[in-house]
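Descriptive structure summary
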Amino acid sequence: MIEIIGVSKSYNSGTVKAVDNVNLTIRNGEIFGFLGPNGAGKTTLIKMITGILNADEGTIKINGKDIRKNPIEAKMQFGFVPDDPNIFARLTGLEYLNFMADVYMVPPETRLDLMQTLLKRFEMAAAAGDLIQSYSHGMKQKIVVIGALLHNPPVWILDEPMTGLDPRSSFDLKEMMREHADTGKTVFFSTHVLDVAEKVCDRVAIINKGKVILGGSMQEIHEHLRENQSLENLFLELTENE
Amino acid sequence: MNRFITLLKTLLINNLGISAIQAKARKNKLEYLKVLGLGVAIAAGVAPSLWLYSKILIQGYDLLAPLGQQGAILILGIVMVSSMIFFFGIFYVINFFYFAGDAQNLLALPLSGWQVLGARFSVVIAYEYLTELPFILPPLLVFGIKSGASLTYWLYALIGFLLIPLLPLSLATIPTVIVMRFANLGRRKDLFKILGGLMVIALAIGYQFLFQKSGINAMDPAFLQNLLTDQYGLVNLISRVFPSTKYLGLALISANKVAGLINLLIFAALSLLAVALAWLVGDKLYFKGLVGSSETTARRKMLTSSDYERFGKGSPALLSYCMKEIRLLFRVPPYFMNCVLTNLLVPVILIIPFLLQSHNKQEALPWEDLISQPVGQTILMVVIVGAVIFLAGSNAITATSLSREGKEFFISKYIPLSYKQQVQAKLLSGYLLGIIGAVLLLIGAIILMPLKIALIGMILAVSLVAIVPIIEAGLLIDIFRPKLDWDNEQKAVKQNLNVVFSILFSILLGGAVLYIVIRFIHSPILAATFMLSCFTVAAVVFYYLLMTRGIEQYRKLEG
């Protein structure tokens, strides 16, 4: 579960409000989609949830652990996939995964099995011994996803995770997200692709100019839609009229 | 030509960070003041050294004037600057011509080899003017003022100042471009780039010593007499290191005569010829060395179970983080060249000339007499510890350790490893490489001098403690002003003022402690005890600062 209570963040000594008093609760057992145009504040909020940015105001708790007060315990609760998978280009895939496993203290008994299973599932087993530098964008995305899942985190936080993935891996990831949520755990992800949100999410929130302008279950969202109106049209309407 | 000018302008603005400063200043006018303040702080930091340098030059002038050889101070400055530009030039050329992130992007533009190489060359020249200023200005001023020089002298001095970097940088460019053309082959391009860089540096060292050794026998009475009686004896001797510099020296010394003008013209012709040659070689080979240099090939081979098991045992997070730091230091070519290599190379460079000269066994080395005395042993200890401290301050490992993360810094913020442990891991990586540098230096000293075991032990003990506050301070500096916003790796280590601050700190702390030893302590045991105490206290203080103020600041930093 992720609790976001009254969170705000501004840049340039308060002149630009990137996230403005956001309140959200992402419950256990659900896939929560976070939608918004470029520069709406999605990544800023995700960075605050994960401890990369400090919130100016408000509280963020992951499974009850406050990211400010108990950062290490809170960080152990989630696996994070950033929007830019260009990381540690000069490490091999395997070195990267082991670094992540060490940092998240994955016990030796489980790490090898899990690593091999995930590498196989994402068709990365043959590339794991090579430098990440030699990977395509999609392969980098996959190795980052595998690294985030190694410690079997109860909460998944994924920033634009489908970008660059081939259809097969994208399908697999969506399936894994569903499986994860169905075991009573939490998935929080941001996306530009409304189609994905519509098909995968249990609940969504739309953010624009730092404020959550619409949130609810897919069913509630559909009630907002006028006849024959697509989520895409609603999204455009909401974000352009602001 | 127009394209060349446009490219040059863009590269200059981008690399000197002019637009970035302007952009920040638009938001906050204080930004200009910050830049100015930084300049003043650096100037204040180097002022004492400049003052000392000028004082030595003035004394040198007064000492040499009765012999009519006062021109030697000019030539000394010019030779020193030329050698410096040549050595640093190699690093600049490798970094800026080949490792810069935008190097590849320019390949797609309709530009020819000489235009891109020429523009990059000119940007490096701009940097070299800044680098040479503090070294060449004092001798030019001292000679000009003391000799009551004419306007022609000052005009020649200005022209000379502008011309000086051209030849040594061309000499650094030509072999680098040739070696890189052939290093850009095969699968392990990163490795070849590093090896190529090493080869150019080896060539450069070889070249320097070839000239240094050519026919000089300082003990030959005829040579000494000639040196002192011939008006240009010293000029001739010093300029052997960089023969072309003699012409500029002579041009300045005899600025009022026709000979002066002729010498200046010869120097200018040689410099421009060298540039033309470098650009010509660049036109033919530069792109060939660059095309595909960022390609990486992969084996895409299924891993065996033993490959997995090699890692499967896992390590403590702190150690794993430290290993990641070290792996990247060795694998990213600009980090290897600027952080690891300086650490390993400087001891070697310091030792080679002595090794080359000590082949004559009958000739006692100048320090053999000295180190049999306790005072001599103390001085020796101070010299070696001083070198170790300076090396630790200048290898930039901890002083750029956050900066090197750049845009990846966010990873350090979201992983569940406490900031304290991250700081400790960074210190550990810096310390491990620092130890290697210190031990190499000490091995060099042992090869050169018959040191007693006890003295070696004391120097080692002091060195191992002395580097601790230096690397701690380096990290502290980097935590407070990390340079995270860069677009290619060489900017994190090469164009990072934190390295300058770290060097200044090492000079200040090392200088203060060593000065007290030299001035007041004459027994090696006392000196070692005193230094150990001082550096231990400094290490504890800086560790405390890192763990309190440093961690607090680390927490505030955002990825």
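Along each chain, the written sequence defines residue order, and numbers are assigned to residues from 1. Both sets of labels track the order of writing: A upward for chains, 1 upward for ligands. The model is predicted, so local features are restricted to residues of pLDDT at least 70 and side-chain atom pairs to those at 80 or more, both for listing and for counting; the totals for chains, interfaces and linings are taken over all residues. Neither water nor hydrogens contribute to the side-chain values; these are computed over all heavy atoms in the structure.

Time to look at the overall build of chain A. Within chain A one finds 9 helices and 10 strands. Burial status follows relative accessibility: with a 1.4 Å probe on protein chains alone, a residue under 20% of its type maximum counts as buried, one over 50% as exposed, and anything between as partly exposed. The buried share of chain A, reckoned over its 242 residues, is 57%. Any two residues whose heavy atoms approach within 4.5 Å at even a single point are treated as in contact. Long-range contacts, defined as pairs at least 24 residues apart, comprise 66% of the intrachain contacts of chain A with a sequence gap of at least 6. Accessible surface, chain A as shown: approximately 9700 Å² in total, 48% of it carbon and sulfur. Helix numbering and strand numbering both begin at the N terminus, where a helix is a DSSP run of H or I of at least 4 residues and a strand a DSSP run of E of at least 2. Values of accessible area rely on a 1.4 Å probe in the Shrake-Rupley scheme; residue burial ignores everything except the protein chains shown.

Another aspect to go through is a nonpolar patch on the surface. Residues and elements named next belong to chain B. Residues enter patches when their relative accessible area tops 30% and they take part in no salt bridge; the joining distance is 9 Å for like charges and 5 Å for the nonpolar side chains Val, Leu, Ile, Met, Phe, Trp and Tyr. Salt-bridge detection follows one rule: a side-chain nitrogen of Lys or Arg within 4 Å of a carboxyl oxygen of Asp or Glu. A contiguous nonpolar surface patch, about 430 Å² in accessible area, is contributed by L133, L137, L141, I145 and W154. Ranked by residues supplied to the nonpolar patch, first place goes to helix α6 (residues 113–146) with 4 residues. The topology assignment puts L133 in helix α6. Note on L133: relative accessible area 36%, which makes it partly exposed.

On to the packing of helix α3 (residues 93–103) of chain A against helix α15 (residues 317–331) of chain B. At a closest axis distance of 8 Å, the pairing of α3(A) and α15(B) adopts a crossing angle of 150°. By the criterion of interaxial angle, the relationship of α3(A) to α15(B) is roughly antiparallel. In this structure, α3(A) crosses over α15(B), and the sense of that crossing is left-handed. Where α3(A) approaches α15(B), its residues E95(A), N98(A), F99(A), D102(A) and V103(A) are matched on the opposing element by A317(B), S320(B), Y321(B), K324(B), R327(B) and R331(B). Any residue outside Ala, Val, Leu, Ile, Met, Phe, Trp, Tyr, Cys, Pro, Asp, Glu, Lys and Arg is labelled polar, Gly included; the first ten of those are nonpolar and the last four are charged. For the contact of α3(A) with α15(B), the class distribution of residues is 4 nonpolar, 2 polar and 5 charged. Helix axes are fitted to C-alpha atoms over the stretch in contact, other axes to C-alpha atoms as well, and angles between N-to-C directions run from 0 to 180 degrees. What sets the label is the angle itself: under 35 degrees gives roughly parallel, over 145 gives roughly antiparallel, 65 to 115 gives roughly perpendicular, and the rest give oblique. Should the near helix be turned counterclockwise from the far one by less than a right angle, the crossing is left-handed, whereas a clockwise turn marks it as right-handed.

This part takes up the nonpolar core. In this description, a nonpolar core means a group of buried Ala, Val, Leu, Ile, Met, Phe, Trp, Tyr and Cys residues linked to one another through side-chain atoms lying within 4.5 Å. Formed by 243 residues in total, the largest nonpolar core has its most connected members in L45(A), Y96(A), M177(A), V385(B), Y414(B) and M531(B). The residues touching Y96(A), leaving out its near neighbours within four places in the chain, are I87(A), F88(A), L91(A), I132(A), I143(A), V144(A), G147(A) and Y414(B).

Residue and element names in this part refer to chain A. Pairs of strands are assigned from DSSP output, requiring at least two bridges between the strands. Here strand β1 (residues 2–11) runs beside strand β2 (residues 16–26); their pairing, made up of 7 bridges, is antiparallel. From the neighbouring strand, K9 faces β2, where its bridge partner is V19. The hairpin turn running from β1 into β2, its antiparallel successor, is 4 residues long, and N12 in that turn takes a positive phi close to 50°.

This part is about unusual backbone geometry. Peptide bonds are trans in most cases, and residues, glycine excluded, mostly fall at negative phi. All names here are of chain A. At N21, a residue that is not glycine, the phi angle is positive and equals roughly 50°. Structurally, the position occupied by N21 is in strand β2. Positive phi, close to 50°, is recorded for K209, a residue that is not glycine. Exposure remark for K209: the relative accessible area of 55% places this residue in the exposed category.

Inspection of the secondary structure assignment puts S10(A) in strand β1. With near-sequence residues (within four places) excluded, S10(A) lies in contact with V16(A), K17(A), A18(A) and D56(A).

Right, let's get into the pairing of strand β10 (residues 211–217) of chain A. All names here are of chain A. Here strand β9 (residues 203–208) runs beside β10; their pairing, made up of 6 bridges, is antiparallel. By the bridge assignment for β10, V204 is matched with G216. In this antiparallel pair of consecutive strands, β9 and β10, the connection spans 2 residues, and K209 shows a positive phi of 50°.

For any pair of aromatic rings, the description rests on two quantities: the centre-to-centre distance and the angle between the ring planes. Working definition: a ring pair exists when centres of Phe, Tyr or Trp rings (six-membered ring for Trp) sit within 6.5 Å. Plane angles under 30 degrees give stacked, over 60 give edge-to-face, the rest tilted. Tallied over the full model, the rule gives 23 aromatic pairs over all chains. Ring geometry for F4(B) and W279(B): centres 5.6 Å apart, planes at 55°, overall tilted. One end of the pair, F4(B), is in helix α1 (residues 2–15); the other, W279(B), is in helix α13 (residues 258–290), with 275 residues separating them in the sequence. Taken together through their ring pairs, the aromatic side chains of F88(A), Y96(A), F99(A) and Y321(B) make up a single cluster. Across the ring face of F96(B), the terminal group of R120(B) is positioned such that the distance to the ring centre comes to 5.0 Å. Placement of a charge over a ring requires the Lys NZ or Arg CZ to be within 6 Å of the ring centre, with the centre-to-atom vector within 35 degrees of the ring normal.

Residues and elements named next belong to chain B. The score called pLDDT rates the predictor's confidence residue by residue, from a low of 0 to a high of 100. Scored by pLDDT, chain B has a mean of 83; 85% of the residues are at 70 or more. No element of chain B has a lower mean pLDDT than helix α10 (residues 221–229), which averages 59, and none a higher one than helix α23 (residues 524–556), which averages 96. Taken as a whole, residues 215–219 scores under 50 in pLDDT and shows 7 contacts with residues more than four places along the chain or in a different chain.

Residue placement: A74(A) occurs in helix α2 (residues 71–76). Those residues within four positions of A74(A) in sequence are excluded, and the remaining contacts are I62(A), K65(A), D66(A) and I67(A).

Here the focus is the pattern of salt bridges. A full pass over the atoms with the stated rule returns 24 salt bridges over all chains. The partner of K9(A) in a salt bridge is E558(B), and the shortest N-O contact between them spans 2.6 Å. With K9(A) in strand β1 and E558(B) in the segment after α23, this pair bridges two chains. Accessibility expressed as a relative area gives 5% for K9(A), which makes it buried. Overall, the relative accessible area of 28% leaves E558(B) in the partly exposed class. For K426(B), the salt bridge is made with E325(B), and the minimal N-O distance between the two is 3.3 Å.

Residue and element names in this part refer to chain A. The antiparallel open sheet is built from 4 strands, whose spatial order is β2-β1-β4-β5. Whereas interior strands pair on both sides, the edge strands pair on one side only; in this sheet they are β2 and β5 (65–66). Here 2 bridges tie strand β4 (residues 57–62) to β5, and the two strands are oriented antiparallel to one another. Directly across from I62, in β5, lies its bridge partner K65.

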